[in-house]
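Examining the three-dimensional arrangement
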Amino acid sequence: MSETNEIKMPDQLLHRLGVNDTGFLQRVYSDGLDKYKKHLTRIGFVGKERILDAGCGFGQWTLAMAQTSKQAIGMDINSERVAVALQLASINDFKNVEFRQATLEDVPYPEETFDAIFCYSVVYLTDYRKVFREFFRILKKEGDLYICTNGPGWYLYNIIAGPNPSIDFRPRRYGLQTFWNTLIGKRSELSPRTGARVMTPAGTKRALDKSGFEVAALGAEGTLAIGDNQTLSPSPNYSATYMGLVNVFEVIARKL
Ligand SMILES: C[S@@+](CC[C@H](N)C(=O)[O-])C[C@H]1O[C@@H](n2cnc3c(N)ncnc32)[C@H](O)[C@@H]1O
């Protein structure tokens, strides 16, 4: 099993992507895998038999999972991102990892396939109630689910501060469109171009409860810890609130 922190990334991988994706790929691998492994350890998502990285993007969390669990599977709707993740796994000699292109609303795995599902910064782009039902179906009994998603503060921050703009991503427009999508109840064709959906801690908990999950912990991104790991210091990437509104938050739940 590869134990490397730094991931080798040949230049030709970057050349095939758009401006926004190139920046995203460079940012997510810039500090290596150790910070992802620390996060996975703090929330108790290590030492699993088979763990799913749902909406894996370029696969940095999946590779960190491959170093801390027996088998890691990354799944994303975006075939270009899946292709890059596959190449990174191969170039960096990861053996116990798979990547697959698929949508979270209709996961191509049978019931009770995974003992844990990790889903970072994805469900706000999906029909999340449907996705939670799919997660429930493919998790084993007493399997664990981790969700990190965005509250209204994140979109207000995008509108006011406009972080990471590029020729193919306009954060201010994205923030405004997201508030609009939420107002009109849009649940499909969400994307960085068309806007996401605002989620709230209470609404997310309600939807998880309804799908059969028991929520074990809920808090600001990077702050939750399970069992003995509560002694590990939190390492949030975002502030808990922005202008008084809930920003990025995380949830740990269990299939009863
Ligand atoms: C902000 S990125 C996060 C990626 C990765 N989890 C990370 O932390 O870097 C959101 C990802 O969700 C994927 N995505 C959006 N809708 C999806 C869906 N319905 N099914 C699967 N993946 C989806 C996108 O293609 C994108 O890679």
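Okay, so let's go over this structure. Counting from 1, residues in each chain are numbered in the order their sequence is written. Given that this is a predicted model, residues contribute local features only at a pLDDT of at least 70 and side-chain atom pairs are listed and counted only at 80 or more, while totals for whole chains, interfaces and linings are drawn from all residues. As a rule here, side-chain values cover all heavy atoms of the structure and leave hydrogens and water aside.

1. Overview of the packing of aromatic side chains
- Pairing of aromatic rings covers Phe, Tyr and the six-membered ring of Trp, with a centre-to-centre limit of 6.5 Å; geometry is then stacked below 30 degrees between planes, edge-to-face above 60, and tilted otherwise. This structure, assessed with the given rule, holds 17 aromatic pairs.
- Consider the rings of W154 and Y238, whose centres lie 5.3 Å apart with planes at 80°: the pair is edge-to-face. Placement of the pair is W154 in helix 7 (residues 152–161) and Y238 in the loop between strand 6 (213–220) and strand 7 (241–242), with a sequence separation of 84 residues.
- W154 gets classed as buried once you look at its relative accessible area, which sits at 17%.
- Classification of Y238 by relative accessible area gives partly exposed; the value is 30%.
- Here the aromatic residues Y36, F45, W61, F118, Y120 and Y146 are joined through ring pairs into a cluster of three or more.
- Comment: the charge-over-ring label is applied if NZ (Lys) or CZ (Arg) is within 6 Å of the ring centre and within 35 degrees of the ring normal. We note R100 situated over the ring of Y109; from NZ or CZ to the ring centre the distance is 4.9 Å. Secondary structure elements follow DSSP: runs of H or I no shorter than four residues count as helices, runs of E no shorter than two count as strands, and numbering proceeds from the N terminus. Relative accessibility under 20% of the residue-type maximum defines a buried residue, over 50% an exposed one, and the middle range a partly exposed one, all with a 1.4 Å probe and only protein chains included.

2. Considering the packing of helix 7 against helix 8 (residues 171–184)
- Inter-axis angles, ranging from 0 to 180 degrees, are taken between N-to-C directions of lines fitted to C-alpha atoms, where helices are fitted over the stretch in contact. Where helix 7 contacts helix 8, the two axes come as close as 7 Å, and the packing angle between them is 140°. Here helix 7 is positioned oblique relative to helix 8, judged by the angle of their axes. As helix 7 packs across helix 8, the resulting crossing turns out to be left-handed. Across from P152, Y155, L156, N158, I159, I160 and A161 in helix 7, the residues of helix 8 making contact are P171, R172, Y174, G175, L176, T178 and F179.
- The classification used treats Ala, Val, Leu, Ile, Met, Phe, Trp, Tyr, Cys and Pro as nonpolar, Asp, Glu, Lys and Arg as charged, and all other residues, Gly among them, as polar. Grouping the amino acids of the contact of helix 7 with helix 8 by side-chain chemistry returns 10 nonpolar, three polar and one charged. In this scheme, roughly parallel covers angles under 35 degrees and roughly antiparallel covers those over 145, while 65 to 115 is roughly perpendicular and the rest are oblique. Each crossing gets its handedness from the near helix: less than a right angle anticlockwise from the far helix is left-handed, clockwise is right-handed. The criterion used for residue contact is that any of the two residues' heavy atoms lie within 4.5 Å.

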